[in-house]
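Observations on the model geometry
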Amino acid sequence: MSDLVQVNNLCVDYITFGGRVRAVDDVSFSIKKGEILGLAGESGCGKSTIAFALMRLHRPPALISEGEILFDGKDILDFSDEELRKFRWADTSMVFQSAMSCLNPVKTIESQFYDIFEAHNVVSTKEEGAERAKELLQIVDIPPERLYDYPHQFSGGMRQRVVIAMALALKPKLLIMDEPTTALDVVVQREILQKVYELKEEFGFSVLFITHDLSLMVEFCDRIGIMYSGKLVEVAPSKEILGKPQHPYSFGLGNSFPTLHGELQEMIGIPGSPLDLNHVPDGCRFAERCFNASEQCRTDEPQLRNDEARGWVACHHPLAIDFRELQDAPCSELN
Ligand SMILES: Nc1ncnc2c1ncn2[C@@H]1O[C@H](COP(=O)(O)OP(=O)(O)OP(=O)(O)O)[C@@H](O)[C@H]1O
Ligand SMILES: [Mg+2]
C-alpha cells in the first residue's frame, strides 16, 4: 500500500500570553491508502491539534511552525486558498470532536447538504442535490425522507451519522474522525464505526481515527500511534500495541483499560500527571512517570526511530514482553 499522507517533522505551537507552547513537537507518521490509523493518548497530548493541522483548519493562536504535510505527494502547507477550498471536503473531510453540534440548528439537513454540493459545484439543481443527499443518508442507515428534517428532530446517534454522511458527501480520500462517537452509548458507537468500516472497504478511503478508547481503537484500526505530551512515542499494528507494547507509556495506557474478555484483571493506572507543556524537561517527557527510567532518560530525549526488529518507538529502554505469548502459555510456565 502506498502512502496517502506523509507528515514530516510537524511542529504546531500555540502563541499564548505565557509564551509559545509547542503542542505538537516534531511528529512524523504516514497514512497508507485504505488504511485506518488511530491516534491515542491522554487529554491535551495534541491529537486534535494534529487533526486540525492536517486540514489546515488551525486558527490563531495555533501556528504550524515547522514540518510538511504531504497529501498525495503535495505539501498542503503550500496550497493557495483556492487549492485549499478544493482540498477540504473533496480530498479530506473531518468529523469533529463536537460533531453533533456542528449542524446548523436553523437549517434542514437538505439545505446543509446542498451548501456542500453547491460550494464544490457538484450539482446543478436542488433536486439533484436532494437525490445525492438521500443516497448518502441511506448509506448511514437514515431513512431518506428524513432529509427535510431539522437537526433537533434527530437523536444524538442519528445526528452523528448525518455528520458522517456529510463528511463522505464528496467521496474524500481521507476521513478524519476526532472522537466521533464519544457522546454516544457503546452500542451506537460500535454501529457507527462498523458502518464507517464497511464504507471504507467499499470506497477505499483512508481514516485517521482519534479516541481515548483504546479497546475500540484496537478493533477498528490497522495501526495505532500513541502520543504523549506533544510527541508521538510509538506506532505499531493495532494488535501489537496492547499485546506487545514497547513504550512504557503504551504499556500503562493498555493497563488502564478493562478487558472485555478473559479473567478479571487488576487495572493499574499511570502514576503522576501529564506534563505542563510550558515546562518541558530535557530528556524523555515520560521519564518522571516511567517505572523503567534511567539517568540517560532524564538527559537525552529519545527519538522516534524505525528499528527493524522493533518498529517505531521513541524509548531508550523499550519493553520486550509479549503478553500474547504469556496468555497462551500454560500456567506452569508462568510460575
Ligand atoms: N487555543 C489554544 N490556546 C492555547 N493552547 C491550546 C489551545 N488549544 C489547545 N491548546 C493546548 O494544546 C495542547 C493540545 O491540545 P489538543 O486539543 O490537541 O489535545 P487533545 O489531545 O486533542 O486532547 P483531548 O483528548 O482532550 O481532546 C493542550 O495542552 C492544550 O492546552
Ligand atoms: Mg481533542
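Worth saying up front: this structure is predicted, and the values here are computed from it rather than measured.

Procedures and definitions
Residues numbered from 1 in each chain as written. Chains lettered and ligands numbered in written order. Predicted model: local features only at pLDDT ≥ 70, side-chain atom pairs only at ≥ 80, totals over all residues. Heavy atoms only, no water. Domains from an automatic or database assignment. Contact = heavy atoms within 4.5 Å. Buried area = accessible area lost by both parts, 1.4 Å probe. Salt bridge = Lys/Arg side-chain N within 4 Å of Asp/Glu carboxyl O. Polar contact = N/O pair within 3.5 Å; in protein donor to acceptor, adjacent residues only side chain to side chain. Helix = DSSP H or I, 4+ residues; strand = E, 2+ residues; numbered from the N terminus. Near = heavy atom within 4 Å. Areas by Shrake-Rupley, 256 points an atom, 1.4 Å probe, with all protein chains shown as cover. Nonpolar A, V, L, I, M, F, W, Y, C, P; charged D, E, K, R; others polar. Phe/Tyr/Trp six-rings, centres within 6.5 Å; stacked < 30°, edge-to-face > 60°. Buried < 20%, exposed > 50% of the residue type's maximum accessible area, 1.4 Å probe, protein only. pLDDT = per-residue confidence, 0-100. 1 Å grid on protein atoms, 1.4 Å probe; cavity = no way out; pocket = protein on both sides within 12 Å on 5 of 7 lines; lining within 4 Å. Points joined across faces, edges and corners; volume = space filled by probe spheres on them. Pairing = 2+ DSSP bridges.

1. Structural notes on the domain arrangement of the protein chain
Taken as a whole, the protein chain is organised into domain 1 (3-221) and domain 2 (247-334). With 12 residues of domain 1 at the interface, the matching set in domain 2 holds 11 residues. Both sides of the domain 1 and domain 2 interface together cover about 950 Å² of buried area, and 54% of this is carbon and sulfur. The largest contributions to the domain 1 side of the interface with domain 2 come from Val-21, Glu-42 and Leu-214, which together make up 46% of the buried area. For Arg-289, the salt bridge identified is with Glu-42, shortest N-O distance 3.2 Å. Linking domain 1 to domain 2 there are three residue pairs in polar contact (both at pLDDT 80 or more). When residues of the side of domain 1 that touches domain 2 are assigned to their parent elements, the largest contribution, six residues, is made by strand E2 (residues 19-32).

2. Notes on the environment of Arg-20
Locating Arg-20 in the fold gives a position in strand E2. Sequence-wise, Arg-20 and Cys-221 are 201 residues apart; in three dimensions their C-alpha atoms are separated by 33 Å. Setting aside anything within four residues of it in sequence, one finds Arg-20 in contact with Asp-13, Tyr-14, Ile-15, Leu-63 and Ser-65. A polar atom in the side chain of Arg-20 sits 2.6 Å from the side chain of Asp-13.

3. Some remarks on the site of ligand 1
Neighbouring ligand 1 are 14 residues; Ser-43, Gly-44, Lys-47, Thr-49 and Gln-97 lie closest to it. Interatomic distance of 2.8 Å between a backbone N/O atom of Gly-44 and an oxygen atom of ligand 1. Between ligand 1 and the protein, one listed contact pairs an oxygen atom with a side-chain N or O atom of His-212 at 2.9 Å. Within the complex, the protein chains bury 66% of what would otherwise be the 640 Å² of accessible surface of ligand 1. Elements with a contribution of two residues or more to the shell around ligand 1: strand E1 (3-16) and helix H1 (47-54). Looking at the shell around ligand 1 element by element, the count peaks at three residues for H1. In terms of residue class, the shell around ligand 1 is made up of five nonpolar, eight polar and one charged.

4. Side note on the packing of aromatic side chains
Summed over all chains, the structure comprises 10 aromatic pairs. Between the aromatic rings of Phe-209 and Phe-220, the centroid separation amounts to 4.9 Å while the plane-to-plane angle is 75°, which identifies the pairing as edge-to-face. Note that Phe-209 is positioned in strand E8 (residues 206-210) and Phe-220 in helix H7 (residues 214-220), a separation of 11 residues in sequence. Comparing Phe-209 with Phe-220, the two get one shared label, buried.

5. Topic: the confidence of the model for the protein chain
Low-confidence regions, as indicated by low pLDDT, have predicted coordinates that should not be scrutinised in detail. Looking at the protein chain as a whole, its pLDDT mean stands at 90, while 93% of the residues score no less than 70. Averaged pLDDT values over the elements of the protein chain bottom out at 41 in helix H12 (residues 331-334) and peak at 98 in strand E5 (residues 74-75). Note on residues 330-335: pLDDT under 50 across the span, and two contacts to partners over four residues away in sequence or across chains.

6. Thoughts on helix H9 (residues 248-255)
Owing to its 3.6 residues per turn, the α-helix brings residues three or four apart onto one side. The set of residues buried in H9 consists of Pro-248, Tyr-249, Ser-250, Gly-252 and Leu-253. Of the surrounding secondary structure, the elements contacted by the buried residues of H9 are H7, strand E9 (223-228) and strand E10 (231-237).

7. Let's talk about empty space enclosed by the protein
On inspection of all chains with the given rule, the structure shows two cavities of 30 Å³ or more. In terms of lining residues, the largest cavity is bounded by 13 residues, among which Pro-248, Cys-284, Cys-290, Cys-297 and Cys-315 are the most central. When its residues are assigned to classes, the lining of the largest cavity shows nine nonpolar, four polar and no charged. Computed from the structure, the second largest cavity encloses a volume of approximately 30 Å³. Every residue along the wall of the second largest cavity is listed here: Val-5, Leu-54, Ile-69, Phe-71, Ile-76, Phe-87 and Leu-174. Across the lining of the second largest cavity, the residue classes tally to seven nonpolar, no polar and no charged.

8. Remarks on the side chain of Asp-25
Position of Asp-25 relative to the elements: it lies in strand E2. Separated by 2.6 Å, the side chains of Asp-25 and Arg-285 make a polar contact.

9. So, the pairing of strand E3 (residues 36-40)
Most of E3 is tucked away, with five of its five residues classed as buried. Neither face of E3 is exposed, since Ile-36, Gly-38 and Ala-40 on one face and Leu-37 and Leu-39 on the opposite face are all buried. Looking at chain direction, E3 and E8 are connected through four bridges and run parallel. Following the sheet pairing, Leu-39 is matched in E8 by Ile-210.

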